[in-house]
Amino acid sequence: MRKPIIAGNWKMHKTVSEALELCERLDRAVQDTDAEVVVCPPFTALSAVCGLGMSKVKIGAQNLSTAESGAYTGEISPVMLVDVCCSYVIIGHSERRQLFGETDEMVNQKVQLALKHHLRPIVCVGETLEQRRADQTEAVVVSQTKAAFAGVSKERAPEIVVAYEPIWAIGTGETASAEDANAVIGTIRKTLAEIYDQETADQIRIQYGGSVKPSNIKELMAQPEIDGVLVGGASLDFDDFTAIVRYNE
Ligand code: 13P
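Calculation criteria
Residues numbered from 1 in each chain as written. Predicted model: local features only at pLDDT ≥ 70, side-chain atom pairs only at ≥ 80, totals over all residues. Heavy atoms only, no water. Salt bridge = Lys/Arg side-chain N within 4 Å of Asp/Glu carboxyl O. Helix = DSSP H or I, 4+ residues; strand = E, 2+ residues; numbered from the N terminus. Buried < 20%, exposed > 50% of the residue type's maximum accessible area, 1.4 Å probe, protein only. Pairing = 2+ DSSP bridges. Right-handed = clockwise from strand over helix to strand, strands pointing away. Near = heavy atom within 4 Å. Polar contact = N/O pair within 3.5 Å; in protein donor to acceptor, adjacent residues only side chain to side chain. Nonpolar A, V, L, I, M, F, W, Y, C, P; charged D, E, K, R; others polar.

Draft legend 1. Here's a closer look at the pattern of salt bridges. If you walk through the whole model with that rule in mind, you get 16 salt bridges. Glu95 is the partner of Lys11 in a salt bridge, and the nearest nitrogen-oxygen pair spans 2.8 Å. Taken together, the residues Lys11 in the loop between strand S1 (5-9) and helix H1 (16-29) and Glu95 in helix H4 (residues 94-99) connect sequence positions 84 residues apart. Residues Arg246 and Glu249 are paired through a salt bridge, measuring 2.8 Å at the closest nitrogen-oxygen approach. Assessed through its relative accessible area of 26%, Arg246 is described here as partly exposed. Overall, the relative accessible area of 54% leaves Glu249 in the exposed class.

Written out as structure tokens, the structure is:
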């Protein structure tokens, strides 16, 4: 049985004081939920948020370097993320792939480095609208998944969370239908079963992301293949994100 995981990707939003306020309220409001809850604030707020010592909500970063340390101006290493108490890190978000030139190879390097430091990667995969229209959705997610897991052992693979985020559904108000999302996530799981075996694939959690809201969370989470969600915009609002986390009440 896979434990549901609801994560908020704050992207480039919130000052330290705003982050503290939201996290304090959130940790109190979601104490008794079954799902694992993760927030991913910007780097500047991580240390302060870790200092809250939240008991339910876990903390993730939005990116990490491909290197452990060195002359890499502006980069953040896994050692630094572990030091401030991060347990998760988002890797290969489509905004990083599209706007900052992140390649499949870099995504794989980051996955390997995160695992080496016992940070759990949340690896994002997903197709553009053009690719969807050209019927390439399956091919894109299969190749991104294979690239991300390359060289990862069967024993460590279940530490990775995959987030299927169709790029055309991010921040647009458009959501993939729950059935479509479920089908693509089924394809990702089949790919993982081919790389490893069915038992391993059945342990790996796969989220959906893209315009997740309180109004569509129930339907998404009712799908057998969808193990959680990666929420952008709606994770910035206390009421919305709390409602999403408490989807089964
Ligand atoms: P939205 O929920 O704002 O569409 O963003 C999704 C996302 O990119 C989460 O990583």
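Next comes the rest of the description.
Draft legend 2. Region of interest: the pairing of S1. Burial analysis of S1 places 5 of its 5 residues in the buried class, which makes it a mostly covered element. The two faces of S1 match: Ile5, Ala7 and Asn9 on one face and Ile6 and Gly8 on the other face are all buried. Here 5 bridges tie S1 to strand S2 (residues 36-40), and the two strands are oriented parallel to one another. Among the inter-strand pairings, Asn9 is bridged to a residue of S2, identified as Cys40. For the crossover from S1 across H1 to S2, the handedness is right-handed. Examined bridge by bridge, S1 and strand S8 (residues 228-231) share 4 bridges and lie parallel to one another. Each residue of the ladder has a partner; that of Ile6, found in S8, is Val229.

Draft legend 3. Molecular detail of the site of the ligand. In the vicinity of the ligand lie 13 residues, with Lys11, His93, Gly171, Ser211 and Gly233 positioned nearest. Between the ligand and His93 there is a distance of 2.8 Å, counted from an oxygen atom to a side-chain nitrogen or oxygen. Glu165 places a polar side-chain atom, nitrogen or oxygen, 2.9 Å from an oxygen atom of the ligand. The class makeup of the residues in the shell around the ligand is 4 nonpolar, 7 polar and 2 charged.

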